[in-house]
Structures are given as C-alpha cells and as structure tokens.
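Structural characterization, general
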Amino acid sequence: MENEKLKDNVKAVSVGSITEDVELFKKSLKENNYSVSFYFEYSKNGINKIENFAYANATLDEDTSKSMLQRFIYTFKESKLNKKQIQKFDILKNNKDTIYYLNKNERNNSKSLVEKLEDDNFVPSEDLTVLGNLENVKGAIAKVCIGTNDPYYLFIKVDNFNAFKKKRLSSGFMGNLTNDGIEKLDDNHLYFGIKNNISFYYSQGVYIINTHSDFEKMLFLSSEYNSIAKENIKHLKTDFPDVFKNIDKIDEALKGKSSSIFTRMLARVSISSLKERFKEENIQQTFNDIDKEIINNKKFHDSFKGLEMDKKDLTITYSEEGKFGFAALLSDRPSRTILLKRDFME
C-alpha cells in the first residue's frame with residue numbers, strides 16, 4: 001500500500017492513517033463526544049461551476065446524527081480497506097478497488113470548496129427552500145466535530161428526490177424534506193435517499209476519496225477540467241507553432257461524443273514539461289524517443305493509431321482520427337512516459 005507524505009505538511013495518507021480516523025470515530029461514538037452539522041450542497045441556478053457552490057443547513061435528530069459516524073466507520077472499516085489500493089487522485093483513473101487522495105491545494109476547486117466551508121462569512125442558508133429545483137442538489141455534507149480535533153467533512157451521495165416513494169432502499173435511509181430539515185417519512189413531503197457509504201471525506205488538508213465520480217460531481221471538477229483543457233489548447237497553439245500542425249482543429253474535439261475523456265486527457269497535459277522536451281537542444285531526442293518507443297512499438301500500435309509524426313521536419317500533426325493518440329502522447333498515458341520520462345502511467 002502506498003504511504004506518501006503529501007506536500008504542505010498535511011497528513012500522510014495510508015491504510016493506517018484512515019484506520020486511525022475510524023478508531024477516533026468509534027471512540028467518540030462510545031463516549032458520545034461528537035457533534036454533527038448536516039448540509040445539502042447545491043448549485044445556485046443549476047450552474048455547474050464552483051462559483052455557484054452553496055449549501056443549506058438541515059436539522060437532524062439524534063439517531064440521524066449518530067448514523068453519520070456509523071456510515072463513516074462502515075465505509076472505511078479494516079476489512080474493506082485491506083482490499084483496496086491507496087493512490088493519488090488521477091483524472092484518468094477510476095478504479096472501484098482504489099481509494100484515492102488529493103491535497104486540497106492541488107486543484108483550484110478542491111481548495112476553494114474547503115475555504116468556503118471554513119469561511120465564517122460564507123454561511124449556509126437556514127431555509128431549505130433555497131435549494132429551488134431539487135435537481136440542483138449535488139449531495140450532502142456532514143460536518144463532524146470530535147473533541148478538540150479539527151472537524152471532519154463527510155460528503156455523501158444523495159439520490160434523486162421523489163424517486164423513492166415506491167422504492168425500498170437496500171442501504172442507507174429514506175426521509176422527507178421540510179423547510180427546516182429531515183423528518184420521518186409520510187406522504188406529504190418530498191422524498192430523498194442517502195446512501196450508506198461515505199463518498200469521500202476531508203481532514204487536515206487532504207481529501208480521501210471512496211467514490212471518484214461523486215468527488216468530481218460535488219467539487220464541480222468537470223468545469224475545472226474544461227477550463228484547464230481550453231487553456232492548454234491555447235498554449236499548444238501559441239507556444240509550439242512549429243511543432244504542432246493543424247492544431248486549430250483541436251477545439252472541435254471538446255464538443256459532442258467522446259469529448260469528456262478527451263477533455264480530461266488535455267487537462268492533464270503539462271505545458272511546462274512540453275516546453276522542456278521541445279526546446280531546441282532537446283527536440284530531436286524527443287522525436288527519436290517518440291519514434292522508437294511509440295510509433296514503432298507494437299505494444300502501443302493500436303493506442304496511437306492515426307498519430308502523424310514527421311521525424312525529419314520535427315512536427316506532429318493533429319487529426320480527428322488520431323486525436324486520442326495525440327492527447328495520449330501529450331498527457332503521458334503510455335506505460336513508460338515519453339515526454340516526462342516517468343515510468344508507468346496508464
């Protein structure tokens with residue numbers, strides 16, 4: 001298992017560190033030494049950008065508060081952790097058998113969301129009618145305070161409101177929503193379902209991620225990926241005019257079918273690293289490496305089908321047919337990376 005000390009002096013993430021959190025939750029439950037605040041996260045006006053993040057306070061009864069800690073213990077219990085890998089968050093990987101982690105400062109949205117939650121001036125609404133269209137709800141957040149420890153923020157998937165009126169959940173609980181909070185079931189309120197697992201949690205500067213897709217949804221990451229991809233495209237055009245041919249056509253690949261994975265690949269491109277590999281004294285060796293280890297490597301033949309490279313003119317031509325090979329090369333997806341010279345990256 002990976003046990004890597006993250007930068008900025010945040011806590012290291014490992015099976016052991018997560019288990020320590022679980023034990024703290026167990027101890028606090030036993031000693032009744034905790035408090036829970038519960039919020040619904042939503043996007044104002046349904047706009048999927050971090051600037052539209054908002055949250056609303058919901059009252060909880062004692063049993064529901066207790067269940068938030070129990071969910072955490074259940075999600076990250078030792079028997080489950082021992083079957084998982086621990087890896088740094090990667091926008092191109094989503095393995096259900098892996099727990100990912102991310103330093104809050106490594107992405108703009110991950111930093112911004114925590115800052116909003118910790119900002120005394122950015123307060124949640126006390127009336128749940130602000131949620132408006134309930135499709136705007138992105139999930140639930142439970143703030144758990146234990147003794148004098150820094151608070152834990154637990155992020156939980158909330159399933160479609162009203163979809164559970166005639167459906168029995170196999171896990172989690174059902175409830176109804178009033179203007180104040182959560183109450184027992186009846187036939188006069190809007191229904192919602194909260195799953196039994198914690199999607200991810202935040203503690204001491206780092207996110208620990210159980211469900212990759214929920215993490216991306218609640219942190220508005222798709223909009224961030226899109227912004228980064230567009231910025232990288234701009235640099236590909238302006239910083240490497242003699243290397244990339246037909247690059248003006250690349251913008252169309254950010255639209256329509258298959259655009260999501262292509263956007264992710266471009267968002268992972270390191271422009272500074274490309275500048276190093278394509279500068280005058282390195283560019284010939286870079287093309288030699290690409291030719292030897294990609295173009296003429298049977299292992300990568302299918303993955304880079306359609307990639308057009310001219311070793312003599314030192315150019316790479318973008319094409320619709322070869323767009324994924326093009327993006328894969330720049331985002332270092334080969335098992336041995338070419339441009340950054342790092343081993344293993346899918």
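Structural data are supplied above this passage.
My aim in this report is to walk through the structure given alongside it, one point at a time. Just so we're clear, the structure is a prediction, and the values are computed from it rather than from any experiment.

This next bit is on helix α10 (residues 323-330). Where burial is concerned, most of α10 is hidden: seven out of the eight residues are buried. Those residues of α10 lying buried are Lys323, Gly325, Phe326, Ala327, Ala328, Leu329 and Leu330. Check the buried side of α10 and you find it contacts α6 (221-239), β13 (244-245), α7 (259-267), α8 (271-278), α9 (283-295) and β15 (315-317).

Let us look at the pattern of salt bridges. As enumerated under the stated definition, the model contains 15 salt bridges in all. Taking the shortest distance from any N to any O, the salt bridge between Lys275 and Asp239 comes out at 3.6 Å. A residue pair is termed long-range when its members are at least 10 positions apart, and Lys275 in helix α8 and Asp239 in helix α6 qualify at 36 residues. Lys275 gets classed as partly exposed once you look at its relative accessible area, which sits at 44%. Asp289 is paired through a salt bridge with Arg277; the nearest N and O atoms lie 3.1 Å apart. Separated by 12 residues along the polypeptide, Asp289 in helix α9 and Arg277 in helix α8 bring together distant segments of the chain. With relative accessibility at 8%, the residue Asp289 sits in the buried group. What emerges from the salt-bridge pattern is a single network uniting Glu276, Lys279 and Glu281.

Next up on the list: unusual backbone geometry. Residues other than glycine predominantly adopt negative phi, and peptide bonds predominantly adopt the trans conformation. Residues other than glycine seldom take positive phi values, yet Phe220 does so here, at roughly 55 degrees. Accessibility expressed as a relative area gives 0% for Phe220, which makes it buried. Unusually for a residue other than glycine, Leu314 sits at a positive phi of about 60 degrees. Here Leu314 is to be found in the loop between β14 (308-310) and β15.

Among the nonpolar cores identified, the biggest contains 57 residues, and Phe155, Tyr207 and Phe244 are the most heavily contacted of them. Grouped together as the second largest cluster of nonpolar side chains are 38 residues, Val15, Tyr34, Phe38 and Ile99 included.

For the rest of this paragraph, the subject is the packing of α7 against α10. Between α7 and α10, the shortest axis-to-axis distance is 8 Å and the interhelical angle comes to 30 degrees. Taken together, α7 and α10 sit at an angle that is classed as roughly parallel. Relative to α10, the crossing made by α7 is left-handed. Contacts between α7 and α10 pair Ile261, Phe262, Met265 and Leu266 from the former with Lys323, Phe324, Ala327 and Ala328 from the latter.

The next point concerns the sheet that holds β15. Ordered in space as β13-β15-β14, the three strands form an open sheet in which the pairing is mixed. Bordering the open sheet on either side are β13 and β14, each of which pairs with just one other strand. Sheet topology note: the β14/β15 ladder contains three bridges and is antiparallel. Each bridged residue has a counterpart across the sheet, and for Glu308 the counterpart in β15 is Thr317.

Thresholds, definitions, all that
- Residues numbered from 1 in each chain as written.
- Predicted model: local features only at pLDDT ≥ 70, side-chain atom pairs only at ≥ 80, totals over all residues.
- Heavy atoms only, no water.
- Buried < 20%, exposed > 50% of the residue type's maximum accessible area, 1.4 Å probe, protein only.
- Helix = DSSP H or I, 4+ residues; strand = E, 2+ residues; numbered from the N terminus.
- Contact = heavy atoms within 4.5 Å.
- Salt bridge = Lys/Arg side-chain N within 4 Å of Asp/Glu carboxyl O.
- Core = buried A, V, L, I, M, F, W, Y, C linked by side-chain atoms within 4.5 Å.
- Axes fitted to C-alpha atoms, helices over the stretch in contact; angles between N-to-C directions.
- Parallel < 35°, antiparallel > 145°, perpendicular 65-115°, else oblique.
- Left-handed = near helix turned anticlockwise from the far one by under 90°.
- Pairing = 2+ DSSP bridges.

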